[in-house]
Structures are given as structure tokens and as C-alpha cells.
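# Residue-level structure breakdown
So you can see what is in the structure, the chains are spelled out below.
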Amino acid sequence: VGGAIIAWQDNRGGLYYDIYAQHALASGAVDPNWPTNGRNICSAIFDQFGLFITSDGANGAILTWADYRGADQDIYAQHLAVTGFTDWLTNGIAVCSVSNNQAPSSIVSDGVGGAFITWLDPRTLIVDVSASMGYGPGHMTKLRYAVDLLGALAYIMARQGDPVGLLVLGRKGVRGVKPSARP
């Protein structure tokens, strides 16, 4: 298939920012099987922004963003197939929707159709980084740990060929995670 999926936040409706995506063919032309002005990924009420995207390894993509549809800023995600259709719930699935504002930090493919997603989470007195592993049609496995980074941004990496390994890097060091096997 080739080409690339490009995603952006857009306030074409004039009031709130929503998430859109488009598939560009390897030639650079817009994929004729997609809407000319992009596929709407999330148009929930209020703003969606802070978008991150990674490959699903099958010519599709997994997107994550900050979302104000609830009482606070939460983290949502969506899987987008190369066909241009979303596989998960309309307007995405909640990755983290607890109280306080969560800020997206990063996303990386896990090498087997899913992704690791990190976000800054101020539920404690220190801003921690939490992570989730997304896979399949709308499944999120929460990795129950937090890395104390004293508010530093986190970056995540998954080694090629090691689909269940994750490193979270920050000012206070590196935290390696080997999540349990998928259900």
C-alpha cells in the first residue's frame, strides 16, 4: 500500500478543535478512497489537541490526544486502519479519564499492532508518568506503575523485535517495563 497517514487538529467547525487524518499515497497524492479534506477521527464536544501518532505495523496508525469532553483534560486514543475507518469506539477510547488534567507525552508502536502511550499525571503531589498498552479492537491494558520524573517530560522507546518491552526515560533515569502477556 505504501504512503503515510498524517493527522492534525483542526477547528474547521469554528468553535472547537477536532482530530482529522489523511492517507497520502507513496506518490504524494491524496488517497482517493479517503475523504478529500481528511477523515474525522474525533469530534467530541470541546477541544481535542496535543496529538501524537504511531504506526500499527499494518499500514494503519494509532493516535492519542488530550481531550476536554469530560470535566478535566483526559487522554484518548483511536486506531485508524489504512482503509480510513476507525476500529475503536466513535471519538476514541479513554486511556485515562480520572480526575485532574492528564497531558499527553508520547506514543510508540509496540511492534505487534498496538502502542505504548505515556502521559503526565498529577494525581499525586509529584507529576508522574503513566503508560498504557493498546491493542486489538479498543483494548487498553493499563501498566500499573508511575515513574517519578519531577514534572519532566517522558519519552518512550520500544526496541524493534521486542514487542513487549518499554523504556520510559526522564530526568531521574530510566524505567524498564516488561508488561505481562496480552490476554
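Overview of the structure.

Conventions adopted
- Residues numbered from 1 in each chain as written.
- Predicted model: local features only at pLDDT ≥ 70, side-chain atom pairs only at ≥ 80, totals over all residues.
- Heavy atoms only, no water.
- Helix = DSSP H or I, 4+ residues; strand = E, 2+ residues; numbered from the N terminus.
- Contact = heavy atoms within 4.5 Å.
- Areas by Shrake-Rupley, 256 points an atom, 1.4 Å probe, with all protein chains shown as cover.
- Pairing = 2+ DSSP bridges.
- Axes fitted to C-alpha atoms, helices over the stretch in contact; angles between N-to-C directions.
- Buried < 20%, exposed > 50% of the residue type's maximum accessible area, 1.4 Å probe, protein only.

Another aspect to go through is the overall build of the protein. Helices and strands together make up the secondary structure of the protein, namely 0 helices and 14 strands. Ordered by position from the N terminus, the helices and strands of the protein form the series β-β-β-β-β-β-β-β-β-β-β-β-β-β. A fraction of 38% describes how many contacts in the protein between residues 6 or more apart in sequence connect residues 24 or more apart. Surface accessibility of the protein: about 8,800 Å² in total, with carbon and sulfur atoms responsible for 56%.

Quick look at the environment of Leu15 now. Structurally, the position occupied by Leu15 is in the loop between strand E1 (4-10) and strand E2 (18-24). Along the backbone, Leu15 and Ile45 are 30 residues apart, and their C-alpha atoms lie at a distance of 9.7 Å.

In this section: the sheet that holds strand E6 (residues 74-80). Spatial strand order, E4-E5-E6-E7: 4 strands in an open sheet with antiparallel pairing. Each having just a single partner strand, strand E4 (48-55) and strand E7 (93-96) make up the two edges of the open sheet. Pairwise comparison of adjacent strand axes, ignoring direction, gives a mean angle of 30 degrees for this sheet. Strand direction decides the pairing type here: E6 and E7, joined by 3 bridges, are antiparallel. By the bridge assignment, Ala77 is partnered in E7 with Ile93.

Most of strand E8 (residues 103-109) sits inside the fold, with 6 of its 7 residues counted as buried. Bridge count between E8 and strand E9 (residues 115-121): 6 bridges; the pairing is antiparallel. The residue of E9 that forms the bridge with Ile107 is Ile117. Taking the residues that link successive antiparallel strands as the turn, the E8-E9 hairpin has 5 residues, and the phi of Gly111 there is positive, at about 85 degrees.

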